[in-house]
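Reading the structure
What follows is the residue order along each chain.
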Amino acid sequence: SAIGTGVNMAVYTWMRDYITNKGWLKDGFTLDVSASFMSSLATALMTNPVDVVRTRLYNQPVGADGKGLRYKSGIDAAIRIFQKEGPAAFLKGFVSSFMRLGPHFVLTFVFLEQLRRLSARYRSDKVRNQQMRIVFNHFDQNRDGRIDMHEIRAAFLQAFPRPRCEIDLITEEQYQEMIERQIISLVDKTHSSNRESLTFEDFLEASKDFQQIMRLEHQRATFDVIDVNKDGLLSYEELTTALKIIAPYELQEREMTRDQYEKTLDLDIQKMIYAAKRGSLSSPSATGMKKFKQGAFSITFEEFVHMIEGVEDLQLGRALDAWMRNAGIGAH
């Protein structure tokens, strides 16, 4: 039991980290099933030899003194089985063992991860609702439970301030125009009969849609800044330039040499193009990188979104996420 639990938990955690770091799968049902399947396979491989020895030890004939006639102990049984039958004997019954453990562990981890996500979403929504209530009450000066369009605009600007980072993606004027445009669109979509003011429930509904829309707007702004020649595609040179601006060598020269820094950038870009193409490349390999450098393909905006959301350990993704978190617009 201790061996099975230890192997299962360790392999499951390691497989999840390995798969996500490679950019093969994002957090979700498919990742849960893949990691739990591999962990159940490893568990069956590690526990089957113990089960074989234990079964032989328990089923051996016993003498009048109550001691086993074939094996003195578990270690003795393991040695004798190995000597007489070879290492393959320890895998007898493996298929039936895996058929028993596999579905059990897959279902356990799938349900566990779903509960974890539901719990995290609930806590996040609860905190967010409390924050939005504070903002709403602040602008509801007459305490009638409604805020007008002028107050709505001020409330959204306070709840979602224009963030600052290494690259100024949007000017203050552009940001306010963006908010104004989205507020009008979102207010029109609410169920409120009064378009000149909103209740807290309508305000909360509009703010949730607003987060998703603004995240996409920020991703588009990031893409436009990186796309220097404005052709709607990102090249190797443009991605490299963006990474060097976000994470310049001067900030990391104590940790690595210039050559190591350049190699790290190339590895990051390999992961980025693999995530952008969503597995259409065979792997995040040097071959794909060579084709990208030669201009055989470029990154579209849709692929850029997949790239940002699919590779979490890159400087570009971390910078964009931090930039949007400063504005209260994280991924949900």
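Everything discussed here concerns the structure shown above.
Structure report, in brief. (Residues numbered from 1 in each chain as written. Predicted model: local features only at pLDDT ≥ 70, side-chain atom pairs only at ≥ 80, totals over all residues. Heavy atoms only, no water.)

**Some thoughts on the overall build of the chain**
A tally of regular secondary structure across the chain gives 12 helices and two strands. N-terminal to C-terminal, the α/β element order of the chain is α-α-α-α-β-α-α-β-α-α-α-α-α-α. Out of the 332 residues belonging to the chain, those deemed buried represent 42%. Counting only contacts in the chain whose residues sit at least 6 apart along the sequence, the fraction spanning at least 24 positions is 64%. Accessible surface computed for the chain: about 19000 Å², of which carbon and sulfur atoms make up 57%. (Helix = DSSP H or I, 4+ residues; strand = E, 2+ residues; numbered from the N terminus. Buried < 20%, exposed > 50% of the residue type's maximum accessible area, 1.4 Å probe, protein only. Contact = heavy atoms within 4.5 Å. Areas by Shrake-Rupley, 256 points an atom, 1.4 Å probe, with all protein chains shown as cover.)

**Description of unusual backbone geometry**
Only a minority of non-glycine residues have a phi that is not negative, and only a minority of peptide bonds are not trans. In this structure, Lys-230 takes a positive phi of about 55° despite not being glycine. Looking at the secondary structure, you find Lys-230 in the loop between helix 7 (200-226) and helix 8 (236-246). Note on Lys-230: relative accessible area 57%, which makes it exposed.

**Topic: the packing of aromatic side chains**
Considering all chains together, one arrives at six aromatic pairs under this definition. The interplanar angle of 10° and the centroid separation of 3.8 Å between the aromatic rings of Tyr-12 and Phe-109 together place this pair among those described as stacked. Remark: Phe-109 occurs in helix 4 (residues 94-139) and Tyr-12 occurs in helix 1 (residues 2-22); sequence separation between them is 97 residues. Taken as a pair, Tyr-12 and Phe-109 share a single burial class, namely buried. Their ring planes at 80° and their centres at 5.5 Å tell us that Phe-223 and Phe-301 sit as a pair that is edge-to-face. Separated by 78 residues along the polypeptide, Phe-223 in helix 7 and Phe-301 in helix 11 (residues 301-310) bring together distant segments of the chain. Pairwise contacts between aromatic rings join Phe-37, Phe-94 and Phe-98 into one cluster. Directly above the ring of Phe-200 sits Arg-133, whose terminal nitrogen or CZ lies 3.7 Å from the centroid. (Phe/Tyr/Trp six-rings, centres within 6.5 Å; stacked < 30°, edge-to-face > 60°. Lys NZ or Arg CZ within 6 Å of the ring centre and 35° of its normal.)

**Considering helix 9 (residues 258-276)**
Between its first and last C-alpha atoms helix 9 spans 27 Å; for 19 residues at 1.5 Å apiece the expected length is 27 Å, and the two agree. Looking only at helix 9, the buried set comprises Tyr-261, Leu-265, Asp-266, Asp-268, Ile-269, Gln-270, Met-272, Ile-273, Tyr-274, Ala-275 and Ala-276. (Expected span 1.5 Å × (residues − 1).)

**Things to note about the environment of Asp-202**
By secondary structure assignment, the location of Asp-202 is in helix 7. For Asp-202 and Arg-146, which are 56 residues apart along the polypeptide, the C-alpha to C-alpha distance reads 9.4 Å.

Function cannot be inferred from these measures alone, as they are strictly geometric.
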